[in-house]
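Geometric and topological summary
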Amino acid sequence: MKKEEIKELSIPELRAQIEASEKAYRELKVAHAISPIDNPAKITKDRRQIARLKTVLRLKELEAQKASAPAEN
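Being a predicted model, the structure only gives us computed values, none of them experimental.

Rules used in this analysis
Residues numbered from 1 in each chain as written. Predicted model: local features only at pLDDT ≥ 70, side-chain atom pairs only at ≥ 80, totals over all residues. Heavy atoms only, no water. Helix = DSSP H or I, 4+ residues; strand = E, 2+ residues; numbered from the N terminus. Expected span 1.5 Å × (residues − 1). Buried < 20%, exposed > 50% of the residue type's maximum accessible area, 1.4 Å probe, protein only. Contact = heavy atoms within 4.5 Å. Core = buried A, V, L, I, M, F, W, Y, C linked by side-chain atoms within 4.5 Å.

A closer look at helix 3 (residues 41-68)
The α-helix advances 3.6 residues per turn, and as a result positions three or four apart in sequence lie on the same side. The end-to-end C-alpha distance of helix 3, which contains 28 residues, comes to 41 Å, matching closely the 40 Å that a straight helix rising 1.5 Å per residue would cover. Listed as buried for helix 3 are Ile-43, Asp-46, Gln-49, Ile-50, Leu-53, Val-56 and Leu-57. Where helix 3 is buried, its residues contact helix 1 (3-8) and helix 2 (11-34).

If you want it as structure tokens, here you go:
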């Protein structure tokens, strides 16, 4: 998933995507511990993807919080 696609997701969609990505990441780690996988760089790629998702989620949460907070003078 590209950065632009991630930014277009809503907060619930981001949370669902993070949950699915973390589950796949854990399964990949277990599979690699049992028997080495063909492309171990995929572990790093998946971990970074999860970090990107969490970063965009946090930014959107802060924007939503700022939008709902009353304006201060």
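Looking at helix 2
Under the 1.5 Å per step criterion, the end-to-end length of helix 2 is 35 Å for 24 residues, consistent within 8% with the ideal 34 Å. Within helix 2 the residues assigned to the buried category are Leu-14, Ile-18, Ser-21, Tyr-25 and Leu-28. On its buried side, helix 2 packs onto helix 1 and helix 3.

Focus: the nonpolar core
Counting seven residues, the largest nonpolar core consists of Ile-6, Leu-9, Leu-14, Ile-18, Leu-53, Val-56 and Leu-57. Contributions of two or more residues to this core are made by helix 2 and helix 3. Counting residues per element, this core draws most heavily on helix 3, which supplies three residues. Other than its neighbours up to four places away in sequence, Leu-53 contacts Ile-6, Leu-14, Gln-17, Ile-18 and Ser-21.

So, to be careful, I would describe these as geometric facts and stop short of saying anything about function.
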